[in-house]
Amino acid sequence: MSAETTGSRDFRYWRLRFRAWRGQRPFWAGLFTMAGGVPIMYFPYANMHLGNVTLAMSTTAGAGSLIIGVLLVTLGLTMWFHSVVRTFAGIAAILLALISIPIANIGGFVIGFLLALFGGALACAWVPAKPRRRDKQTESTDVTPAGPAPEGESEPSATAANETTVDANGGRNSAG
C-alpha cells in the first residue's frame, strides 16, 4: 500500500456509489412497488391477538394474494436491476394493484394497493437522464453586428436558436 491509499472505504465512498447506482434506474418506483407487495401478501396470513382471543384474517383468496404480493416484489426488483423493461413492469404493477382490490383484502387494506399503484406509475413515468455534455456548458451565444445585414443574407431569427418545438428530434414530447 502506498501513503496515498486509505486502505478502507469510508461511508462517503459507499454513499456516492449508491447515489450513482440509484440515479441510473427507477429506484423509488421499485421501492414503492415492493413495499406495496408486502402488505398484500402479509395480511391474509396474519393473526391478530387481542388478549386471549386470536383473530385470523385468512380468507379463501390467501393463495391469490400471496401470488400477487410475490409478483409485485419481483416487479420491483426487476425495475431496479433490469430497468429496460420499466414500462412493462410499471403497467404490470398497476394491473396487479387493481386486481388486489377484490382478491387480497381490499388490496392489503388499501395500503398495498396505493403503494403498488404509485410505484407502477413512477416506473411508467421514469426516463433515464441524458449524459451531461461539458462543451454545452462553455458554449456562448453568438452576437450579431448592430448594423444592417449584408445584401443576400437574411437576419437570423433569435428565437429559432433558443426555442424547441414538439417535433424536435430526440425531444421529450415525441411519441415514438
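The model shown is predicted, which means the values in this text are computed figures rather than measured ones.

1. Points about the environment of Val-70
Then, number 1: Within the secondary structure layout, Val-70 lies in helix H3 (residues 62–81).
Then, number 2: A C-alpha to C-alpha distance of 8.7 Å links Val-70 and Met-34, two positions 36 residues apart in sequence.

2. Digging into a nonpolar patch on the surface
Then, number 1: The grouping of Ile-91, Leu-95, Leu-98, Ile-101, Ile-106, Val-110 and Leu-114 at the surface amounts to a nonpolar patch, some 590 Å² of accessible area in total.
Then, number 2: A total of four residues in the nonpolar patch trace back to one element, the largest contributor, which is helix H4 (residues 86–103).

3. Describing the nonpolar core
Then, number 1: If you look at the biggest cluster of nonpolar residues, it comprises 15 residues, and the most contacted ones within it are Ile-40, Ile-68, Leu-72, Leu-75, Met-79, Ala-93 and Leu-96.
Then, number 2: Of all the elements in the fold, those that place two or more residues in this core are helix H2 (27–42), H3, H4 and helix H6 (111–125).
Then, number 3: The leading source of residues in this core is H4, at five residues.
Then, number 4: In this structure Leu-96 touches Ile-68, Leu-71, Leu-72 and Leu-75, once residues within four positions along its chain are discounted.

4. With respect to the pairing of strand S1 (residues 47–50)
Then, number 1: Sheet topology note: the S1/strand S2 (residues 53–56) ladder contains four bridges and is antiparallel. Counted as the bridge partner of Asn-47 is Ala-56 from S2.
Then, number 2: Count of turn residues in the S1/S2 antiparallel hairpin: two residues, of which Gly-51 carries a positive phi of about 70°.

5. Quick notes on the side chain of Ser-83
Then, number 1: Looking at the secondary structure, you find Ser-83 in the loop between H3 and H4.
Then, number 2: With a relative accessible area of 19%, Ser-83 lands in the buried category.
Then, number 3: Among all residues touching Ser-83, those that are not within four sequence positions of it are Gln-24, Arg-25, Pro-26 and Thr-78.

Thresholds applied
- Residues numbered from 1 in each chain as written.
- Predicted model: local features only at pLDDT ≥ 70, side-chain atom pairs only at ≥ 80, totals over all residues.
- Heavy atoms only, no water.
- Helix = DSSP H or I, 4+ residues; strand = E, 2+ residues; numbered from the N terminus.
- Patch = residues over 30% accessible without salt bridge, like charges linked within 9 Å, V, L, I, M, F, W, Y side chains within 5 Å.
- Areas by Shrake-Rupley, 256 points an atom, 1.4 Å probe, with all protein chains shown as cover.
- Salt bridge = Lys/Arg side-chain N within 4 Å of Asp/Glu carboxyl O.
- Core = buried A, V, L, I, M, F, W, Y, C linked by side-chain atoms within 4.5 Å.
- Buried < 20%, exposed > 50% of the residue type's maximum accessible area, 1.4 Å probe, protein only.
- Contact = heavy atoms within 4.5 Å.
- Pairing = 2+ DSSP bridges.

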